[in-house]
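Commentary on secondary and tertiary structure
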Amino acid sequence: WFLLITFLGAVLYAPNTFDAMTYHMTRIMHWLQNENVSYFATNDQRLNFQLPLAEYIIMHIQLLLTKDYFANLIQWNAFITTLVTASLIASELNLNRKTQLLACFITATIPNVIFQAQSTQNDLTVGSFLLLFVLFMLKLRRKITFSTMFLAGLSMGLALAAKGTAFLYVGILGLAFAFWILLNSGKLWLLNALKCSVIVIVGISLLAPIFYRNYMYYHSILPANPEKNQNSIYIVSDRTPSELIRTFVRSMSLHLGTPSAQWNNNLQNFLEWLFGPKYLTTQNTNRGKIPPRIAFSLHEDCIGNLLHLVLFFLASAIILFSVFYKKRYCPAKYLQKDISYFTFLSLLVMIFMFTSLCYSPWRARYHVPLFCLFTVSIAYCIHFYIPRWLRGVLYILLFCNGIYFLHSNEAHPIGWSKLTGLTVEKLKRQKNEHLTDRNTFDSLNRLKDFLQNRNIREIMFHNTSNQRDYPIFKFLGTATQKDGIRVKRVDCYAEEIEKYNIPYLLLFHKNEK
């Protein structure tokens, strides 16, 4: 059911989220129009320097179909890959078939995963490659073979080529697994360390062309915000112990929102009282511009995973307590060593990610790979430690939680009325599904008529205030129609044009024919 509904949400709706229309899909239109993936003149440098793997895949599909019908299916395929890989990781840790299926089920009920599976965001794509990386690294702890090292390096490189946050995940996961592998190597640790260097070589070799091009254009292999010459707004700058604790709590607060406004306000007031004024204003909250706020959202950028966070904390406490408690109540002692280390590794990754990224309301989606990693420990704890009657309660709770979010996506609503009222005509996606209001739809129609009536075949375009560009390309038929209007961007800072208080600047070039 989860696969079916997310598939319908991915196919029935055009890419309509903010990031999709500002740069994910927009850069694809430029590539198709230019017939290459070279950097191009633009005032929004994200169209150039953001890591491009997911968009490359979408571009090839769109090139074959000349439509964006299957653009969202990249993430949906990553959803399937994540489910299968979570169960394979459980298998690699010697968990039985029921626990493997339970890990798959828990992954399918993560709200952020459900929402991401229907969009053109790339966090779930990163998560699928990172889980594959974890799977192959787990295999290496048993036996080091060239094929497994190559696959681990390939998974690592693909994750890094999809999104910058993968560098943080790969860094901490790589170090933890390297320690685990070398710990089991005995006297051969140096030889095995040299062998494992193949993983790094394969992974980095995939990124070499991207690094080279970024350095040639921006003098940095991973530029953060080159058009404003600012340091990264993503990584924390204040690393004092007290501030790192506050940063951890801010990151965790992204997943603490509930539908109860009173609960959210009370918890917010408690955190402000506990941590003082510095909790709200600091360089670690997106340069102090966005104070942390506990809220409940059904938008894919801000959706939290409260239930799964609570279950992971409980599972971690139970699993690690069973290791250090003298009497050691453990129903499956032969599994305890590996699953305990894996749970500790997951905790380590959570602490690292929660204290490394600056707070922003939309950063919850950066935690998608992290929550996918949690599911194996949760499944193990539920199956081996929880009484059977309570197990059934948790299954129902997880299922109801997943169903609620499955049918509550603001950007891709698939409610019961929509499912029961589907017809062939309703399956035809309308262009205005890219837009938020009818006025913008009518304005773009008038713009297209104006340009075609005057035989204008090319325009120079400047978009200010981070506006949605993709609908303009779609309406003008850029790169998708033979008579489409070519679009070039004005390469200058937004501040130079924003002073005129106009949303778009268009310079026409009339066809001489």
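Residues numbered from 1 in each chain as written. Predicted model: local features only at pLDDT ≥ 70, side-chain atom pairs only at ≥ 80, totals over all residues. Heavy atoms only, no water.

1. Here's the deal with the nonpolar core
Within soluble globular proteins, side chains that are nonpolar generally end up buried alongside one another. Judged by nonpolar contacts, the single largest core of 112 residues is most densely connected at Ile89, Ile199, Val349 and Met350. Those residues in contact with Val349 that lie beyond four places of it in its chain are Tyr169, Ile172, Leu173, Leu370 and Leu373. In this structure, Met21, Met29, Phe40 and Leu476 belong to the second largest nonpolar core, which totals 24 residues. (Core = buried A, V, L, I, M, F, W, Y, C linked by side-chain atoms within 4.5 Å. Buried < 20%, exposed > 50% of the residue type's maximum accessible area, 1.4 Å probe, protein only. Contact = heavy atoms within 4.5 Å.)

2. Focus: helix α4 (residues 53–65)
With 13 residues, α4 should cover 18 Å at 1.5 Å per step; its first-to-last C-alpha distance of 19 Å lies within 8% of that length. Three or more residues of α4 are buried, namely Leu53, Ala54, Glu55, Ile58, Met59 and Gln62. Residues of α4 that are buried make contact with α2 (18–34), α5 (73–92), α8 (123–140), α9 (146–160) and α21 (470–476). One or two residues past the end of α4 sits Thr66, with phi positive at roughly 55°. (Helix = DSSP H or I, 4+ residues; strand = E, 2+ residues; numbered from the N terminus. Expected span 1.5 Å × (residues − 1).)

3. A word on the pattern of salt bridges
Under the counting rule described, the total for this entry stands at 12 salt bridges. A salt bridge links Lys139 to Glu92, with the nearest nitrogen and oxygen atoms 3.3 Å apart. Within this pair, whereas Lys139 is found in helix α8, its partner Glu92 is found in helix α5, the two being separated by 47 residues in sequence. For Glu92, a relative accessible area of 12% corresponds to the buried category. Two residues, Glu272 and Arg293, come together in a salt bridge whose shortest N-O distance is 3.5 Å. Here Arg293 lies in the loop between α13 (261–275) and α14 (306–324) and Glu272 lies in helix α13, a separation of 21 residues in the sequence. Arg293 gets classed as partly exposed once you look at its relative accessible area, which sits at 46%. Several salt bridges share partner residues, and in doing so they unite Asp19, Asp123, Lys163, Asp301 and Arg365 into one network. (Salt bridge = Lys/Arg side-chain N within 4 Å of Asp/Glu carboxyl O.)

4. Some words on unusual backbone geometry
One non-glycine residue with positive phi stands out, namely Glu35, at about 60°. Looking at the element boundaries, Glu35 is found in the loop between α2 and α3 (46–49). Phi at Asn94 takes a positive value of approximately 70°, unusual for a residue other than glycine. Along the chain, Asn94 falls in the loop between α5 and α6 (97–108). Of the residues examined, Asn94 reaches a relative accessible area of 40% and is grouped as partly exposed.

5. Quick word on the packing of α6 against helix α17 (residues 388–406)
Their axes nearest at 9 Å, the elements α6 and α17 cross at an angle of 35°. Contacts from Leu102, Phe105 and Ile106 of α6 reach α17 at Tyr395, Leu398 and Phe399. For the contact of α6 with α17, the class distribution of residues is six nonpolar, no polar and no charged. (Axes fitted to C-alpha atoms, helices over the stretch in contact; angles between N-to-C directions. Nonpolar A, V, L, I, M, F, W, Y, C, P; charged D, E, K, R; others polar.)

6. Some remarks on the confidence of the model for the protein
Of the residues in the protein, 80% have a pLDDT of 70 or more, and the chain-wide mean is 78. Confidence drops under a pLDDT of 50 for residues 416–437, and excluding neighbours within four residues, the segment shows 45 contacts in the predicted structure. Within the model, pLDDT remains below 50 along residues 507–513, and this stretch shows 17 contacts once partners closer than five positions in the same chain are excluded. (pLDDT = per-residue confidence, 0-100.)

7. Looking at a nonpolar patch on the surface
Taken together, Tyr212, Tyr215, Met216, Tyr217, Ile221 and Leu222 make up a surface patch of nonpolar side chains, about 670 Å² in accessible area. If you trace the backbone, Tyr212 turns up in helix α11 (residues 189–218). According to the relative accessible area criterion, Tyr212 is exposed, its value standing at 56%. (Patch = residues over 30% accessible without salt bridge, like charges linked within 9 Å, V, L, I, M, F, W, Y side chains within 5 Å. Areas by Shrake-Rupley, 256 points an atom, 1.4 Å probe, with all protein chains shown as cover.)

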